[in-house]
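Each chain is listed here by its residues.
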Amino acid sequence: MNFKQVAFLLLSGMVMFSCNQNAQHENNIEDSELDLTQYVNQYIGAGGHGHVFVGANVPFGGVQLGPVNLTEGWDWCSGYHISDSTLIGFAHTHLSGTGIGDLGDVLVMPIVGDTKVYKGDPEQPETGYFSYFSHDNEQMKPGYYAVEVDRYDVFAEMTATERVGFHRYTFPGSQQSKILINLKQGIGWDSPTDTHIRMVNDTTISGYRHSKGWAEDQKLFFTAVLSKPIQSFDLFDMNEPVDGDEYTSRAVKAILGFETEQDEEVEMKVAISPVSEENALLNLQEELPHWDFDKVVADADKAWNHELNKMQVEMKEKDELVKFYTALYHTMIAPSVFNDVNGDYRGTDGEVRNDQTFTNLTTFSLWDIYRGCSPLYTITQQDRMVDMVESMLKIYEQQGKLPVWHLMGNETNTMPGYSAVPIIVDAYLKGIPMDAELAFEAVKTTAMRDEFGLDKVKKLGYIPANDEVENVSKGLEYALSDWSIAQMAKAMGKEEDYEYFSKRGQYYKNYFDPEVGFMRGKVSDTEWREPFSPFTSIHMKGDFTEGNSWQYTFLVPQDVEGLVELLGGKEAFISKLDSLFIVEGDMGEEASNDITGLIGQYAQGNEPSHHVTYMYGYVDQQYKTAEKVRYILKELYANDPDGLSGNEDVGQMSAWLVLSSLGFYPVNPAGGTYVWGSPTVDEATIHMDNGNTLNLTVENNSSENIYIQKITFNGEPYSTKFLMHEDLVKGGDLLIEMGASPKK
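Treat the numbers as computed from the prediction; the structure is a model and nothing was measured.

Caption draft 1: Structural detail: the packing of helix α17 (residues 622-635) against helix α18 (residues 652-662). Interaxial distance between α17 and α18 falls to 11 Å at its minimum, and their mutual angle equals 130 degrees. Here α17 lies oblique to α18, going by the angle between them. α18 is crossed by α17, and the crossing has left-handed handedness. For the pair α17 and α18, the contacting residues are Val 629, Ile 632 and Leu 633 in the first and Trp 656, Leu 657, Ser 660 and Ser 661 in the second. The residue inventory of the contact of α17 with α18, partitioned by class, reads five nonpolar, two polar and no charged.

Caption draft 2: A look at helix α3 (residues 277-287). Here α3 has its buried residues at Glu 277, Asn 279, Ala 280, Asn 283, Leu 284 and Glu 287. In a view along the axis of α3, the buried residues occupy a sector of 160 degrees, so they form one face of it. What points out from α3, more than 90 degrees from its buried face, is the exposed set Glu 278 and Glu 286. On the buried face of α3, the contacting elements are β9 (164-171), β11 (191-201), β12 (204-212), β13 (218-226), β18 (264-273) and β21 (344-346).

Caption draft 3: Looking closely at the pairing of β11. Two elements, β11 and β12, share nine bridges in a ladder whose sense is antiparallel. Paired with Asp 194 across the two strands is His 210, which belongs to β12. Linking β11 back to β12 in an antiparallel pair, the connection comprises two residues. Pairing of β11 with strand β16 (residues 246-249), which is carried by four bridges, proceeds in the antiparallel orientation. Residue pairing in the sheet places Ile 197 in a bridge with Tyr 247 of β16.

Caption draft 4: Structural context of the sheet that holds strand β19 (residues 311-314). A sheet is described by the order of its strands in space; here six strands give the open sequence β19-β35-β36-β40-β37-β38, paired in mixed fashion. Whereas interior strands pair on both sides, the edge strands pair on one side only; in this sheet they are β19 and β38 (716-717). Pairing of strand β35 (residues 683-687) with strand β36 (residues 693-699) involves five bridges; the strand directions are antiparallel. Paired with Thr 685 across the strands is Asn 695, a residue of β36.

Caption draft 5: Focus on the packing of helix α5 (residues 318-330) against α18. It is at 8 Å that the axes of α5 and α18 come closest, and there the two elements cross at 130 degrees. Considered as vectors, α5 and α18 are oriented oblique to each other. Judged by the sense of rotation from one axis to the other, the crossing of α5 with α18 is left-handed. Residue-level contacts link Lys 323, Phe 324, Ala 327, Leu 328 and His 330 of α5 to Ser 654, Leu 657, Val 658, Ser 661 and Leu 662 of α18.

Caption draft 6: View of unusual backbone geometry. With an omega dihedral of 5 degrees, the bond running from Ala 334 to Pro 335 counts as a cis peptide bond. As for its position among the elements, Pro 335 is in the loop between α5 and β20 (336-337). With an omega of -10 degrees, the peptide bond running from Glu 530 to Pro 531 counts as cis. In this structure, Pro 531 sits in the loop between β30 (527-528) and α14 (549-552). Non-glycine residue Glu 546 carries a positive phi angle of around 50 degrees. Here Asp 620, not a glycine, exhibits a phi torsion of approximately 60 degrees, which is positive. Looking at the element boundaries, Asp 620 is found in the loop between β32 (602-603) and α17. With a relative accessible area of 53%, Asp 620 lands in the exposed category.

Caption draft 7: Summary view of the packing of aromatic side chains. Enumeration according to the criterion identifies 30 aromatic pairs in this entry. Seen in terms of ring centroids, Tyr 39 and Tyr 325 are 6.1 Å apart; in terms of plane orientation they differ by 25 degrees. Their pairing is stacked. Linking Tyr 39 in the loop between α2 (23-29) and β1 (66-68) with Tyr 325 in helix α5, this pair joins segments that are 286 residues apart in sequence. When its relative accessible area of 18% is taken as the criterion, Tyr 39 is described as buried. When the ring of Phe 518 is compared with that of Trp 550, the centres are 4.8 Å apart and the planes differ by 80 degrees; the resulting orientation is edge-to-face. Placement of the pair is Phe 518 in strand β28 (residues 518-519) and Trp 550 in helix α14, with a sequence separation of 32 residues. Grouping residues by exposure puts Phe 518 and Trp 550 together as buried. Over the ring of Trp 550 we find Lys 576, and its NZ or CZ is 5.2 Å from the ring centre.

Caption draft 8: Up close: the sheet that holds strand β34 (residues 673-676). Ordered by their spatial adjacency, three strands build an open sheet running β33-β34-β39, and the pairing between neighbours is antiparallel. For this open sheet the edge positions go to β33 (664-665) and β39 (722-724), each flanked by a neighbour on one side alone. Here two bridges tie β33 to β34, and the two strands are oriented antiparallel to one another. By the bridge assignment, Tyr 665 is partnered in β34 with Val 675.

Caption draft 9: Broad picture of the state of the cysteines. All chains considered together, the criterion is met by zero disulfides. Here Cys 77 stays free of any disulfide, with the sulfur of Cys 373 as its closest cysteine sulfur at 19 Å. Residue Cys 373 is classed as buried on the basis of its relative accessible area, which comes to 0%.

What counts and how
Residues numbered from 1 in each chain as written. Predicted model: local features only at pLDDT ≥ 70, side-chain atom pairs only at ≥ 80, totals over all residues. Heavy atoms only, no water. Axes fitted to C-alpha atoms, helices over the stretch in contact; angles between N-to-C directions. Helix = DSSP H or I, 4+ residues; strand = E, 2+ residues; numbered from the N terminus. Parallel < 35°, antiparallel > 145°, perpendicular 65-115°, else oblique. Left-handed = near helix turned anticlockwise from the far one by under 90°. Contact = heavy atoms within 4.5 Å. Nonpolar A, V, L, I, M, F, W, Y, C, P; charged D, E, K, R; others polar. Buried < 20%, exposed > 50% of the residue type's maximum accessible area, 1.4 Å probe, protein only. Arc of directions from axis to C-beta. Pairing = 2+ DSSP bridges. Phe/Tyr/Trp six-rings, centres within 6.5 Å; stacked < 30°, edge-to-face > 60°. Lys NZ or Arg CZ within 6 Å of the ring centre and 35° of its normal. Disulfide = S-S within 2.5 Å.

This is the structure:
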């Protein structure tokens, strides 16, 4: 057994039970923490179209340190895909589960010998520095990643704090051991606009990388400190050598050279900042003042264990536990920290601010997470929800509207609607602390703008199909959010606003054509878009966003009762809902790649469908929800690289599994009503930030006993239709009895 194998076995054998979080959390979970990181499989979603991040990070950390493949393309939005065995380095920022690629900042690669700084061509390795690797030689667990870099016989290990990536490279004996810093390379759409590297002293370098990608104007600064003095320092402009100890250009690279003995370890700490090189150094000094790599691995493991222990579940099969805890892990990669330890952060207007009263966050995939992931946070991340809301309100103050899809201080305006609204309203109605007047001002102002068809919504009550692309999806999303604003207005005693936004919350009806029985594009008050097929999906050019009329006809989670009436009553609604899961049709050549995980026309692989299986609970056929939820959990999620039926979408795909495994899900994303499904856990202990604990026991649970028979809460009979958030967060004992036959 060689040194590298021994090192990993020592790391992988560590079991962490305690946590250094705040006293409230200590008292909440006390000494009951279990070793749950052992059930996290980072490979889930690394194949297929999952696009998940693989590497080392801490919960919601600003650093996501992990490998980047040479290959590029849609399935490499995170920089990594299980089908690939090429390596160009380890970047400090990554997205997880998105449909667009970006980030990949400050790429670091250990190399040995006389090699080029160009990354190389796949068919001609000698043209560049990239290496092959074997997945058999990868090792990973939350907060730790390691791989053998085959070309150079270097064992690469990494771990992280919130703002610092920690590298440990075990080199062979060589006079030409090197570390390449590549500021040209990014992931996906990302490309550099201005980069800088300088050698501060023989163990410290610093610089910045400004880039343009999905986020138009990204600024990231870094400071790196090494455990071994740099013996040679070579700078490159793109791929051409330049003189000096400092250089600025569009794409700077640097090679740090050393002489190493066999199995000598060279460590490097790389801190990042959205503000300055000096702040990056401050982040490093505050978060990682020592050189104990194994301690950082252990601390990261503790941090992950603490968060995972907020939901301690028992399930009959280990694979099911792996699916559950990997999903819970995936919900905590983002939103990510986007400030410095001193409270400095860069706002969406480019201005640097200092505010130590909250932790500024970024990577807000709001169109995805408002449906299930954000409601999950109101259960398990109540304290962090305060920072989420505050971050969104700061963005509102800086750009004049709430975030749509915010990334690295930039508004990307990706996806339809203003999905921050249901998240903020849901948080307000559930008692998450916030400046309520500012929050209401933000949601109202955002809804009263004129962009993206809102001028026509205010004037006509709908968006004409010839005026705005994806008009039906936008209109339905607006109605959902407007209904949410009405609920907040009602709770705050704002009667005029309540009446106005309640009316706008009903505008979803304006997209429904009773002649065909579907939502469709409306050209005028008397004319519908022609031709029409409920199956057709035209990506980024049609009336729907990543979907078709079959899927979007059910996007009325805020008013299921109204939708039932619109579709012709209870029996007609049930018939339509049944049909969704069995009909098949041609979506056309221009259909979105995101419409995946199909059961009939129901698409588990994309978010607009996520609430639909639970709609049966509103029409007294909850047993059908149970049947479909059990099927999806078993067939469309797996302990496998291709274990997701679509993009992870920054936690939402996994949040659906977490909540559904517990037995409930929010159809209406704002207000705190969960619909019962079919729990697959046998027991669950949910620890909340308010100090309360919910103990869930599921009796007679099996693959045959999928139907809820009876529910009691603290010994008293409880509704088998809905679970209320206000009851859940009080804690107590919830008992669910299961059986093999439906029971009304």
